[in-house]
Amino acid sequence: MQKAIDVEAAKPLNVSAEAVLHAGELLGRRTALNRRRLVVLALVFSDVLLAVLVWEMAVVVQSIWGRGALSDVAVATVASNVAVWVGLRGLLGLYPGYGLDQVEELRRQTHAVIASAAITAIFSIFFQVGDLLSRLLLISGFLGLAVMGPLMRHFAKQAMIRAGLWGKPVVVLSFGEAGRRLVRLLKKERGLGLRPVAIFDSRMAPVKGQIEGVPYGGSVSEAMGIRWKGVDTAIFAMPHTRREHLVGFARRARESFRHIIVIPNLDGVTNSAVVARNLAGTFGVEVRHNLLDPWTRRAKRALDLGAVLVGGWLVLPLIVILALLIRLESGGPVFYRAERMGRDNRLFACVKFRTMVTGAEEILQRMLAENEELRKEYSRYHKLRDDPRVTRVGRFLRKTSLDELPQLWNVLKGEMSLVGPRPYLPRESADIGDTQSDILRVYPGITGPWQVNG
């Protein structure tokens, strides 16, 4: 007979299940439903508010640079587009959108804007009202939604995370270290919206009744005998389990969980562009190597050039001011050129503002030879936390990352990109390891995940 877990009316079933209940993490069905409705309502409200503000700004742009007043058709189109855009986001699963990573989330938001624009175009052609719609108004509005939509959603999610509203409870079914890694990941990446509230593991039985701060519920087999209320998702983190055993667990889990996520044994396989494939009833995973697509590379290069040509003029006064400060403090050259590995392992001179005293490389080698702790720190991070070679202006430039501004010249020359992997020094080639062939297939970036994560 199945056991039921519900915080509103629960009876102790066994020690493991009772520990799960007393952790206060499991939500009753009614509580979970109310929380989900509140999250959806907050997201819809924020999107409606953003859409109204964006279209209001588009109207202002049209009134300043456009010709003539808006027609009644244009006003009706703008008003209806708010509902269409929000409705499309709902159809694409963005309310609430639990379990979507940042790439997939951005892709769906972009699709909503494009589809909304396409619907407007079809409407204008079908009803022959194209002449009554301002091109400037439409371009401003849809461009504003494409840029501001992801930002508004990010801030809304962060606000709900701080308020304890974001996320749905999930149960982790694991075997060994894979479960620990998954729990740590889900607790770190709270934006995914998957909150582990219980973990069942057939290998580890912790003394304190918790694994990585999540209540331990017993073995995986015990989880199958519980009828969960308010928890509809189970994640199998058992990549090394034999296929027939995993299939049996997943089949039994269908009786208790509406959604089942299985983590396959694909360690080391890139996951930035992976999609599931149904091959005549056989499950497959397609790994797309977009770096081999010439049109993708051309589009990225066009975006780099456009951003540099437009943004370069805006930051030019700042570059001049920083150059003067560097010259006034320590004299000598303003820029520092270091040989770095670029795309296809071609060496290039990476330009940065000089943030150190002259002869910094020789000083570094002497410091590393004399101090083992500094040598370990530099070996791990490729930089020193308290580097005595850095000047006062240099510390400010590094803290604000303004020392990277001159690399816009490298982007313009086609040696770097605005976003990409870290530009490695030639002597660091051995430290990159097996991923070097992937890293050096693209241009290094001024910014990227490595730079942002420090």
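Residues numbered from 1 in each chain as written. Predicted model: local features only at pLDDT ≥ 70, side-chain atom pairs only at ≥ 80, totals over all residues. Heavy atoms only, no water.

(A) Summary view of a nonpolar patch on the surface. On the surface, a nonpolar cluster with roughly 530 Å² of combined accessible area is contributed by M57, V60, I64, W65 and L136. It is helix α2 (residues 29–65) that provides the largest number of residues to the nonpolar patch, a total of four residues. Relative to the elements of secondary structure, L136 occurs in helix α5 (residues 135–162). (Patch = residues over 30% accessible without salt bridge, like charges linked within 9 Å, V, L, I, M, F, W, Y side chains within 5 Å. Areas by Shrake-Rupley, 256 points an atom, 1.4 Å probe, with all protein chains shown as cover. Salt bridge = Lys/Arg side-chain N within 4 Å of Asp/Glu carboxyl O. Helix = DSSP H or I, 4+ residues; strand = E, 2+ residues; numbered from the N terminus.)

(B) Spatial organisation of the pattern of salt bridges. The final tally for this structure, using the stated rule, is 18 salt bridges. For K352, the salt bridge is made with E404, and the minimal N-O distance between the two is 3.9 Å. Remark: E404 occurs in the loop between α12 (392–400) and α13 (408–413) and K352 occurs in strand β12 (residues 347–353); sequence separation between them is 52 residues. Judged by relative accessible area, which is 19%, K352 ranks as buried. (Buried < 20%, exposed > 50% of the residue type's maximum accessible area, 1.4 Å probe, protein only.)

(C) Up close: the nonpolar core. Ranked by internal contacts, the top residues of the largest apolar core, which has 40 residues, are L43, W55, W85, L145, W166 and L186. Discounting residues that sit within four places of it in the chain, L186 has contacts with V170, L192, L194, P196 and I235. The next biggest cluster of nonpolar side chains, apart from the first, holds 18 residues, and it includes W228, F236, M238 and L246. (Core = buried A, V, L, I, M, F, W, Y, C linked by side-chain atoms within 4.5 Å. Contact = heavy atoms within 4.5 Å.)

(D) The packing of helix α9 (residues 294–330) against α12, seen in detail. For the pair α9 and α12, the least separation of the axes is 9 Å and the interaxial angle reads 150 degrees. Regarding the angle of α9 to α12, the classification is roughly antiparallel. Between α9 and α12, the contacting residues are L322, L325, I326 and E329 on the first element and R392, V393, F396 and L397 on the second. Here the residues of the contact of α9 with α12 sort into six nonpolar, no polar and two charged. (Axes fitted to C-alpha atoms, helices over the stretch in contact; angles between N-to-C directions. Parallel < 35°, antiparallel > 145°, perpendicular 65-115°, else oblique. Nonpolar A, V, L, I, M, F, W, Y, C, P; charged D, E, K, R; others polar.)

(E) Examining the environment of L425 more closely. The residue L425 is located in the loop between β13 (417–419) and α14 (429–432) in this model. For L425 and R340, which are 85 residues apart along the polypeptide, the C-alpha to C-alpha distance reads 4.7 Å.

(F) Main features of unusual backbone geometry. The linkage connecting Y95 with the following residue, P96, adopts the cis geometry, with an omega of 0 degrees. Mapped onto the secondary structure, P96 falls in the loop between α3 (72–91) and α4 (102–126). One non-glycine residue, D344, adopts positive backbone phi at about 60 degrees. In this structure, S401 takes a positive phi of about 60 degrees despite not being glycine. For S401, the location among the structural elements is in the loop between α12 and α13.

(G) Spotlight on the packing of aromatic side chains. The final tally for this structure, using the stated rule, is three aromatic pairs. With a centroid separation of 5.3 Å and 85 degrees between ring planes, the pair formed by W55 and F142 is classed as edge-to-face. Placement of W55 in helix α2 and of F142 in helix α5 is noted, with a sequence separation of 87 residues between them. Note on accessibility: W55 and F142 belong to one class, buried. Between Y98 and W166, the ring centres sit 4.8 Å apart and the planes meet at 70 degrees, which makes this aromatic pair edge-to-face. Linking Y98 in the loop between α3 and α4 with W166 in the loop between α5 and β2 (168–174), this pair joins segments that are 68 residues apart in sequence. A cation over an aromatic ring shows up here: R298 above the ring of W295, its NZ or CZ 4.7 Å from the ring centre. Above the plane of the ring of Y424 lies R422, whose end atom (NZ or CZ) is 4.9 Å from the centre. (Phe/Tyr/Trp six-rings, centres within 6.5 Å; stacked < 30°, edge-to-face > 60°. Lys NZ or Arg CZ within 6 Å of the ring centre and 35° of its normal.)

(H) Representation of helix α8 (residues 243–253) in the model. Taken together, the buried positions of α8 are occupied by L246, F249, A250 and A253. Seen along its axis, α8 keeps its buried residues to an arc of 95 degrees; they face one direction. (Arc of directions from axis to C-beta.)

(I) Broad picture of the pairing of β12. Across the seven residues of β12, five count as buried, placing the element largely inside the fold. Across seven bridges, strand β11 (residues 335–341) lies against β12 in antiparallel orientation. Bridge assignment links E339 to a residue of β12, and that residue is A349. Remark: five residues form the turn of the hairpin made by β11 and β12, two consecutive strands paired antiparallel; D344 in that turn has positive phi of roughly 60 degrees. (Pairing = 2+ DSSP bridges.)

(J) Representation of helix α6 (residues 177–188). Taking 1.5 Å per residue, 12 residues should reach 16 Å; α6 reaches 17 Å between its end C-alpha atoms and fits that length. For α6, the elements touching its buried residues are β2, β3 (194–201), β4 (210–211), β5 (214–218) and β7 (233–237). (Expected span 1.5 Å × (residues − 1).)

(K) Summary view of the side chain of E105. Mapped onto the fold, E105 is located in helix α4. Only 2.9 Å separates the side chain of E105 from the side chain of R153, close enough to count as a polar contact. Among residues more than four places away in sequence, those in contact with E105 are L94, L100, R153 and K157. (Polar contact = N/O pair within 3.5 Å; in protein donor to acceptor, adjacent residues only side chain to side chain.)

(L) The arrangement of the sheet that holds β3 in detail. Reading across from one edge, β4-β5-β3-β2-β7-β8 is the order of the six strands in this open sheet, with mixed pairing throughout. Edge positions in the sheet fall to β4 and β8 (259–262), since each of these pairs with one other strand and no more. In this structure, β7 lies alongside β8, joined through four bridges in parallel fashion. The partner of I235 across the bridge, within β8, is I261.

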